[in-house]
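This is what each chain is made of:
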Amino acid sequence: MKNSLSKFLNKTGNYSKKEIVFLEKELQFRTLKKGEILLKKGDVCSSFCFIITGSFYQYNIDANFDKNAIDLSITDDWVINHKSFTSRRPSEYVIQAFEDSSVYEISIDAIHRLIAKSQSFLQMGKILEEATSRVDFFDNNYTPDEKYEYILKNKPELIQRFPQKLIASYLKITPETLSRVRKRFLKP
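Bear in mind the structure is a predicted one, so any value in this text is a computation, not a measurement.

The rules we used
Each chain carries its own residue numbering, running from 1 in the direction its sequence is written. Totals for whole chains, interfaces and linings use every residue, but because this is a predicted model, local features are given only for residues with pLDDT of at least 70 and side-chain atom pairs only at 80 or more, for both listing and counting. Side-chain metrics in this entry use all non-hydrogen atoms of the structure; hydrogen atoms and water are not considered. Only the stretch in contact is used when a helix axis is fitted, and all axes are lines through C-alpha atoms; the angle between N-to-C directions ranges over 0 to 180 degrees. Helix numbers and strand numbers start at the N terminus; a helix is a DSSP run of H or I with at least 4 residues, a strand a run of E with at least 2. Two helices that cross are described as forming a left-handed crossing if the nearer one is turned anticlockwise from the farther one by less than a right angle, and a right-handed crossing if clockwise. Note on contacts: a residue pair is in contact if any heavy atoms of the two residues lie within 4.5 Å. When residues are sorted by character, Ala, Val, Leu, Ile, Met, Phe, Trp, Tyr, Cys and Pro go into the nonpolar class, Asp, Glu, Lys and Arg into the charged class, and all the rest, Gly among them, into the polar class. Should a side-chain nitrogen of Lys or Arg be within 4 Å of a carboxyl oxygen of Asp or Glu, the pair is scored as a salt bridge. Pairing of aromatic side chains requires ring centres within 6.5 Å, counting the rings of Phe and Tyr and the six-membered ring of Trp. Pairs whose planes differ by under 30 degrees are stacked, by over 60 edge-to-face, and all others tilted. Throughout this description, buried means an accessible area under 20% of the type-specific maximum (1.4 Å probe, protein chains only), exposed means over 50%, and partly exposed covers the range between. Think of it as a cone above the ring: NZ of Lys or CZ of Arg counts as a charge over the ring if it is within 6 Å of the ring centre and within 35 degrees of the ring normal. Any two strands are treated as partners once DSSP identifies two or more bridges connecting them. Any two cysteine sulfur atoms within 2.5 Å of one another count as a disulfide.

Colleague: Explain the packing of helix H6 (residues 144-154) against helix H9 (residues 175-186) to me, and be specific about the residues and the numbers.
Modeller: Where H6 meets H9, the closest approach of the two axes is 10 Å, and the angle between their N-to-C directions is 65°. You can see that H6 and H9 cross each other, and the crossing is right-handed. Across from Pro144, Asp145, Tyr148, Glu149 and Leu152 in H6, the residues of H9 making contact are Thr177, Leu178, Val181, Arg182, Arg184 and Phe185. Residue composition of the contact of H6 with H9, by class: six nonpolar, one polar and four charged.

So, in structure tokens, the structure goes:
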């Protein structure tokens, strides 16, 4: 637990020993089983989580009842529905554990309490930027090869942790297109 706590602290900023004590008191440790819902569609996202172990996927369900992946998150990532969190509106998406997982969760109320104790906790806003930067890339008009290359360079673990159908959905391409792209990248 200490190792994962230090990773959490390193990803949120630099704190004094007193500030670390404040933060530790506000963190909630949670475990979720595979398939368990972290955020339901229609609920307001009031916290964000640092993944200690496991993985999550964020998705919506289309008219054909297919899950469309919006984000994939693995160990040492942040998981949050940024739009719901910042707007305080109901989420359009579901966040679900893809495998048994454990997280440190911190609520918006806890963040406000921490900021009231020390301005150092304003650094946590960087987390929101980091958590949304992955999502924004795939909403732009990049080619399937560019999207796949981005994953290979920045998060190759995703390819090993999630099935091809989910990766394709995340990249906003068909599984068949993903197969063709992967073949091009495997050629010597």
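Colleague: How would you explain the pattern of salt bridges if you had to name every residue and give the values?
Modeller: For the structure on display, the rule yields seven salt bridges. Close ionic contact of Glu26 with Arg113 constitutes a salt bridge, the shortest N to O distance being 2.7 Å. Residue Glu26 is located in helix H2 (residues 17-26), and its partner Arg113 is located in helix H4 (residues 108-117); the two are separated by 87 residues in the primary sequence. Here Asp77 and Lys155 are joined by a salt bridge, their closest N and O atoms 2.5 Å apart.

Colleague: I'd like a rundown of the packing of aromatic side chains, residues and numbers included.
Modeller: Scanning the entire structure with this criterion turns up nine aromatic pairs. Between Phe29 and Tyr104 the ring centres are 6.1 Å apart and the planes differ by 70°, which places this aromatic pair in the edge-to-face class. Residue Phe29 is located in strand S1 (residues 28-32), and its partner Tyr104 is located in strand S8 (residues 101-107); the two are separated by 75 residues in the primary sequence. On the accessibility criterion, Phe29 (42% relative accessible area) is partly exposed. Seen in terms of ring centroids, Tyr57 and Tyr59 are 5.0 Å apart; in terms of plane orientation they differ by 25°. Their pairing is stacked. Tyr59 shares its class with Tyr57; the two are buried. In textbook terms, an aromatic cluster arises when at least three aromatic residues are bridged by ring pairs, as seen for Phe48, Phe50, Trp78 and Phe85. The lysine or arginine in question, Arg88, covers the ring of Phe85, its NZ or CZ lying 5.8 Å from the ring centre.

Colleague: Tell me about the pairing of strand S5 (residues 67-74), and please be specific about residues and values.
Modeller: Among the eight residues of S5, six are classified as buried, and the element is accordingly described as predominantly covered. Two strands pair when backbone bridges link them, and strand S4 (residues 55-61) and S5 are joined in this way by seven bridges, in the antiparallel orientation. Residue pairing for S5: Tyr59 is matched across the bridge by Ala69. Taking the residues between adjacent antiparallel strands as the criterion, S4 and S5 are bridged by five residues, where Phe65 takes a positive phi near 65°.

Colleague: So what's going on with the side chain of Ser84? Residues and values would help.
Modeller: As for its position among the elements, Ser84 is in helix H3 (residues 82-87). Look at Ser84 and you get buried, because its relative accessible area is 2%. Excluding residues within four positions of it along the chain, Ser84 makes contact with Asp43, Val44, Cys45, Arg89, Pro90 and Ser91.

Colleague: Got a sec to walk through the state of the cysteines? Specific residues and values, please.
Modeller: In this structure the tally under the stated criterion is zero disulfides. Cysteine Cys45 remains unbridged, with the sulfur of Cys49 as its closest cysteine sulfur at 7.8 Å. What makes Cys45 buried here is its relative accessible area of 4%. In this structure Cys49 comes out as buried when scored by relative accessible area, which is 2%.

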